[in-house]
Amino acid sequence: MRRTPLASSRTRYACGLSVLTSDEPDPNVFARAVAIEAAAIDAGFALLFFSQSLVEAGALSQAFRTHAPALHHAGCSTAGEITPQGLEDGHVLAMLLPSASFTAVSTMVDDLSSSGMDRITGEVEALRRLLRGRIGHEQTRNTFALCFIDGLSYAEEAVSSAIHWGLDDIPLLGGSAGDDLKFETTRLISNGRVTSDSAIIVLIATEIPFHVFKTDNFVPTDEKLVVTASDPDHRIVREFNATNAAEEYAASVGILPQTLTPLSFASHPVVVKVGGEYYCRSIQKMHPDGSLSFFCAIDDGVVLSIAQPMDMVESTRAALRDVEDRLGGIDMILGFDCVLRRLDARNRQVFRDISELYRVNNVIGFGTYGEQYRSMHLNQTFTGIAFGERQAAE
């Protein structure tokens, strides 16, 4: 039996952005509501995030072609949603950008598995020229970039790096599309097209003050795991420290190999040191032979450290407080939150606390299979862009 719908919600923010959410499985109902709101606020672009358990990507795309044919849009499937009510599952949401204060251009890059990185950098440069043509060179100073990538493509590192290369100093953030932890197929959606093995790049110029940030809640320990046998193309590690990967990992975190689950991996991530900073490299699943699949690129010789968790609620609250100080107040946040943080929050019984923290700070976004932040592809991290109020810009 289907649970009672929370029905649809519409939330308008002081910066002009408007967010619609629904757990209604009929995409036509949602697309009509989005079309009405887009006309009301003169929105030129919409970001769409949706659970494939609720609505099929092709049906959602067709509904937008039918009911909102002039509205440019881009987005992806999720592993959970962040709505004005907090952390949810089984929802579809649209974030509408009013033309008065946001100018957005987007492109889709197909066939990531066979795509040269030069082509991606070229697409970014063409997109920058398109944006300059729309609003003039002066207005492009206050620009940020979003990217959504097939979370099962094994290509996020290379794609993020290529996009970043073409952006110069424009900040980049985003999330890898999810499929409600099924690990079968993720979908990207853009102006009537539905694809996998692809990435969407969106450039957005705005007069609204914004700040790009990231936060996680882990510190490295002295416990080291060296990758001694791997399949880099498929992000599989067969051995750590010349021992079966699952057995060595389990011994390092103090649990039995046969009891390893996604919750174990969420609670005991590993980190890698890059340029003086530590970044999470999360494990996706264990295979019957004891090899481990990762959410991030992995290779022989990589040295990983077992990470020790800190209080997720307090570290997230501190990060949001810092953003608030920098902006002089948060109006709303577009956030990309690793699905493993969600699993870990449930495991540590702080899910409600995190959800409430997102709710009171007006966080909107989705649960990801990986996060993009500047040139890096990350795991077990929250990356976000916070917007101040329009008044603060004047």
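Cut-off values and rules
- Each residue is numbered by its place in its chain's sequence as written, counting from 1.
- Reporting of local features is limited, given that this is a predicted model, to residues whose pLDDT is at least 70; pairs of side-chain atoms are given and counted only at 80 or more, and all residues count toward the totals for whole chains, interfaces and linings.
- Derived side-chain values reflect all non-hydrogen atoms in the structure, with water molecules and hydrogen atoms excluded from consideration.
- The numbering of helices and of strands both runs from the N terminus, where a helix is a DSSP run of H or I of at least 4 residues and a strand a run of E of at least 2.
- What makes two residues a contact is simply this: any of their non-hydrogen atoms within 4.5 Å.
- Shrake-Rupley sampling with a 1.4 Å probe provides the accessible areas, and residues are treated as covered by the protein chains on show and by no other component.
- None of His or the chain ends enter the tally, which takes Lys and Arg as positive and Asp and Glu as negative.
- Lysine's charge is taken at NZ, arginine's at CZ, aspartate's at CG and glutamate's at CD.
- A pair of strands is labelled paired if DSSP reports no fewer than 2 bridges between them.
- Helix axes are fitted to C-alpha atoms over the stretch in contact, other axes to C-alpha atoms as well, and angles between N-to-C directions run from 0 to 180 degrees.
- Only centres within 6.5 Å qualify two rings of Phe, Tyr or Trp (six-membered ring in Trp) as a pair; their planes then separate them into stacked at under 30 degrees, edge-to-face at over 60, and tilted for everything else.
- Burial here depends on accessible area, computed with a 1.4 Å probe over protein chains only, as a share of the maximum for the residue type. Under 20% is buried, over 50% is exposed, and the range in between is partly exposed.
- Note on geometry: a ring has a charge over it if NZ (lysine) or CZ (arginine) is within 6 Å of the ring centre and within 35 degrees of the ring normal.
- UniProt positions are given in the numbering used here, feature names are shortened, and annotations may be inferred rather than shown by experiment.
- For cavity detection a 1 Å grid was placed over the protein atoms alone, and a set of points counts as a cavity when a 1.4 Å probe fits there but cannot get out; an open set counts as a pocket when protein lies on both sides within 12 Å along at least five of seven lines, with lining residues being those that have an atom within 4 Å of a point.
- Grid points are joined across faces, edges and corners, and a volume is the space filled by probe spheres set on the points.
- For this classification, Asp, Glu, Lys and Arg are treated as charged, while Ala, Val, Leu, Ile, Met, Phe, Trp, Tyr, Cys and Pro are nonpolar and the rest, including Gly, are polar.

**So, the overall build of the chain**
For the chain, the count of helices and strands is ten helices and 27 strands. Dimensions along the principal axes, computed over C-alpha positions, put the chain at roughly 60 × 50 × 40 Å. Nonlocal contacts in the chain, meaning residues at least 24 apart in sequence, comprise 80% of its contacts between residues at least 6 apart. Of the roughly 15500 Å² that the chain leaves accessible, carbon and sulfur atoms contribute 48%. Averaging the positions of the 33 positive and the 50 negative side-chain charges in the chain gives two centres separated by 4 Å.

**Description of the sheet that holds strand β4 (residues 72-77)**
Ordered by their spatial adjacency, seven strands build an open sheet running β1-β2-β7-β3-β4-β11-β12, and the pairing between neighbours is mixed. Two strands bound the open sheet, and with one partner strand each, they are β1 (9-12) and β12 (193-195). Taken over all neighbouring pairs, the strand axes of this sheet differ in orientation by 15 degrees on average, direction set aside. By the bridge criterion, six bridges tie strand β3 (residues 43-50) to β4 in an arrangement that is parallel. Bridging from a neighbouring strand, Ala 46 pairs with His 73 of β4. Helix α2 (residues 57-67) contacts β3, β4, β7 (92-98), β11 (188-190) and β12 of the sheet and is inclined by roughly 165 degrees relative to β12.

**Overview of the packing of aromatic side chains**
Applying the stated criterion across every chain, the model contains 16 aromatic pairs. Both rings, one in Phe 183 and one in Phe 295, keep their centres 5.9 Å apart while their planes meet at 55 degrees; by these two values the pair is tilted. Taken together, the residues span a long stretch of sequence, with Phe 183 in the loop between β10 (172-177) and β11 and Phe 295 in the loop between β21 (292-294) and β22 (303-309) at a distance of 112 residues. For Phe 295, a relative accessible area of 2% corresponds to the buried category. Seen from their ring centres, Tyr 358 and Phe 382 are 5.3 Å apart, and the 35 degrees between their planes marks the pair as tilted. Note that Tyr 358 is positioned in helix α9 (residues 351-360) and Phe 382 in strand β27 (residues 382-387), a separation of 24 residues in sequence. With relative accessibility at 2%, the residue Tyr 358 sits in the buried group. Given a relative accessible area of 1%, Phe 382 falls into the buried group. An aromatic cluster is built from Phe 49, Phe 148, Phe 336 and Phe 366, whose rings are joined through pairwise contacts. The ring of Tyr 373 has Lys 214 sitting right over it, with the charged end atom 6.0 Å from the ring centre. Sitting over the face of the ring of Phe 351, Arg 346 holds its NZ or CZ atom 3.8 Å from the ring centroid.

**So, the UniProt feature "domain: FIST" (unreviewed entry) in the chain**
UniProt records the feature "domain: FIST" (unreviewed entry) for residues 42-244 in the present numbering. Annotated as residues 42-244, this span is 21% helix and 44% strand, and its ends, taken at the C-alpha atoms, are 58 Å apart.

**Topic: empty space enclosed by the protein**
Inspection of the entire model under this criterion finds two cavities of 30 Å³ or more. In this structure, the largest cavity encloses a volume near 40 Å³. Taken as a whole, the second largest cavity holds about 30 Å³ of empty space. If you go around the second largest cavity, the residues you meet are Leu 87, Met 312, Asp 337, Arg 341, Arg 342, Ala 345, Ile 354 and Tyr 358. At the level of elements, α8 (339-347) and α9 are the ones that each hand at least two residues to the lining of the second largest cavity. Looking at the lining of the second largest cavity element by element, the count peaks at three residues for α8. Partitioning the lining of the second largest cavity into residue classes produces five nonpolar, no polar and three charged.

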